[in-house]
Amino acid sequence: MNDFDYNHFPAGLLITDENKHIVFANDYFSDELHWQNGSLIGKKLETLLTKSSMIFYESYVVPLLMVEKRFQEIQLSVLTASGERMPVLVNTRVIQQQSELVYWSFFSASNRIKLYQELIETRKDLYAQTETLKKLAITDELTGLFNRRELQTRANHNIARSKRFVSPLALLIIDVDHFKKVNDKLGHDQGDLVLVELSKTLTSLSRELDTVARFGGEEFAILAPDTSTEQAFIFSQRIHEVISTKVMAEQVITVSIGIAALDDTQNKTFHELFVAADTALYQAKSAGRNQSVMYTKNIN
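All values derive from a computational prediction rather than experimental measurement.

## What about the overall build of the chain?
Working step 1: The secondary structure content of the chain amounts to nine helices and ten strands.
Working step 2: Relative to its length of 300 residues, the chain is extended, with a C-alpha radius of gyration of 36 Å against a globular reference of 19 Å.
Working step 3: Each principal axis of the C-alpha atoms in the chain carries an extent, and together these give about 105 × 45 × 30 Å.
Working step 4: Each of the 300 residues in the chain was classed as buried or not, and the buried ones make up 42%.
Working step 5: Relative to all contacts within the chain whose residues are 6 or more apart in sequence, the contacts with residues 24 or more apart total 56%.
Working step 6: Surface summary for the chain: the accessible area is close to 17,600 Å², and the carbon and sulfur share equals 52%.

So this is what it looks like as structure tokens:
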């Protein structure tokens with residue numbers, strides 16, 4: 001073939017002999033790697049390959065070449081004439097002539113690596129966006145607590161667990177007393193501050209395994225696994241005590257709390273558990289607010 005057939009290829013073409021001496025190198029190595037024309041001829045392969053690439057070639061590629069007589073798409077690093085590293089994608093093939101020769105093709109992998117890094121960064125960004133969307137889907141925008149949908153999801157899981165292990169489960173529904181007056185007197189911005197402060201208080205008083213959620217408006221809920229009705233009532237008294245010491249939006253607020261528990265005879269679903277706690281909450285508000293009521297069958 002004439003020179004054009006070899007030297008104008010947009011890839012490096014190399015031939016090494018059985019002693020790993022370079023016997024041919026096209027102009028790619030002078031054009032792209034700045035080796036002087038012909039300067040690589042007779043040099044050992046390690047003149048062109050980095051030490052790590054040479055070790056990989058000797059330990060992994062050579063044994064396969066002995067069996068398969070070819071190796072495709074391996075990424076190595078070559079050295080420019082000035083000693084800089086350049087990633088390349090390599091294909092090799094053994095040709096048996098008078099002696100055994102290895103034919104090489106080199107393609108720059110710089111853009112490939114750059115594209116790969118860009119894909120990795122894009123993947124990280126997409127993952128972060130997905131996590132953000134997941135968080136938005138399960139949390140209340142104002143308070144950062146779990147929302148009603150996530151409360152129900154977690155409740156269903158905990159109810160199934162409670163039934164399986166015969167363990168108690170309590171639900172507390174907490175409603176801010178006279179919240180409309182707070183909004184009417186101080187404005188909705190101050191009302192929002194009350195809800196935010198209350199959410200922080202409820203979170204600080206709850207355990208890690210509890211689920212604290214904003215159910216809607218000024219209504220909150222705490223799902224408490226491994227908690228009996230009596231234990232939940234003691235917990236509710238602690239909530240009343242702490243809230244009474246806090247000033248929110250320049251005033252002390254109070255809350256009413258309804259409590260219900262899962263048992264074998266009633267409240268077998270989250271809906272039934274919620275209705276029972278909500279019924280107890282209504283009783284607490286009817287009795288004068290700022291108190292907790294445990295649900296019993298006698299409450300209508």
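Here the narrative resumes.
## Let's talk about the sheet that holds strand β2 (residues 22-25)
The strands making up a sheet associate through hydrogen bonds between their backbones, and the pairing can be parallel or antiparallel.
Working step 1: Across the sheet, five strands lie side by side as β2-β1-β5-β4-β3; this open sheet has antiparallel pairing. The sheet is open, and its two borders are formed by β2 and β3 (70-79), each paired with just one other strand. Across the sheet, the mean angle from the axis of one strand to that of its neighbour is 30 degrees, orientation sign disregarded.
Working step 2: Bridge analysis of strand β4 (residues 85-96) against strand β5 (residues 100-108) gives nine bridges, and the strand direction is antiparallel. Its bridge partner being in β5, Thr92 is matched across the sheet by Trp104.

## What about unusual backbone geometry?
Working step 1: One non-glycine residue, Glu73, lies in the positive phi region at around 55 degrees.
Working step 2: Residue position: Glu73 is located in strand β3.

## Brief notes about the environment of Gln231
Working step 1: With respect to the helices and strands, the residue Gln231 is situated in helix α8 (residues 229-243).
Working step 2: For Gln231, a relative accessible area of 45% puts it in the partly exposed group.

## Thoughts on the sheet that holds strand β8 (residues 219-225)
Working step 1: The strand order across the open sheet formed by five strands is β7-β8-β6-β9-β10, and the pairing between neighbours is mixed. With partners counted over all chains shown, the strands left at the sheet margins are β7 (211-216) and β10 (292-294), one partner each. The mean angle between the axes of side-by-side strands here comes to 20 degrees, regardless of whether they run parallel or antiparallel.
Working step 2: In this structure, strand β9 (residues 255-261) lies alongside β10, joined through three bridges in parallel fashion. Paired with Ile257 across the bridge in β10 is Ser292.
Working step 3: This element, helix α7 (residues 188-205), spans β6 (169-176), β7, β8 and β9 of the sheet and lies at about 10 degrees to β8.

What counts and what doesn't
- Residues numbered from 1 in each chain as written.
- Predicted model: local features only at pLDDT ≥ 70, side-chain atom pairs only at ≥ 80, totals over all residues.
- Heavy atoms only, no water.
- Helix = DSSP H or I, 4+ residues; strand = E, 2+ residues; numbered from the N terminus.
- Rg over C-alpha atoms; globule rule 2.2 N^0.38 Å.
- Buried < 20%, exposed > 50% of the residue type's maximum accessible area, 1.4 Å probe, protein only.
- Contact = heavy atoms within 4.5 Å.
- Areas by Shrake-Rupley, 256 points an atom, 1.4 Å probe, with all protein chains shown as cover.
- Pairing = 2+ DSSP bridges.
- Axes fitted to C-alpha atoms, helices over the stretch in contact; angles between N-to-C directions.

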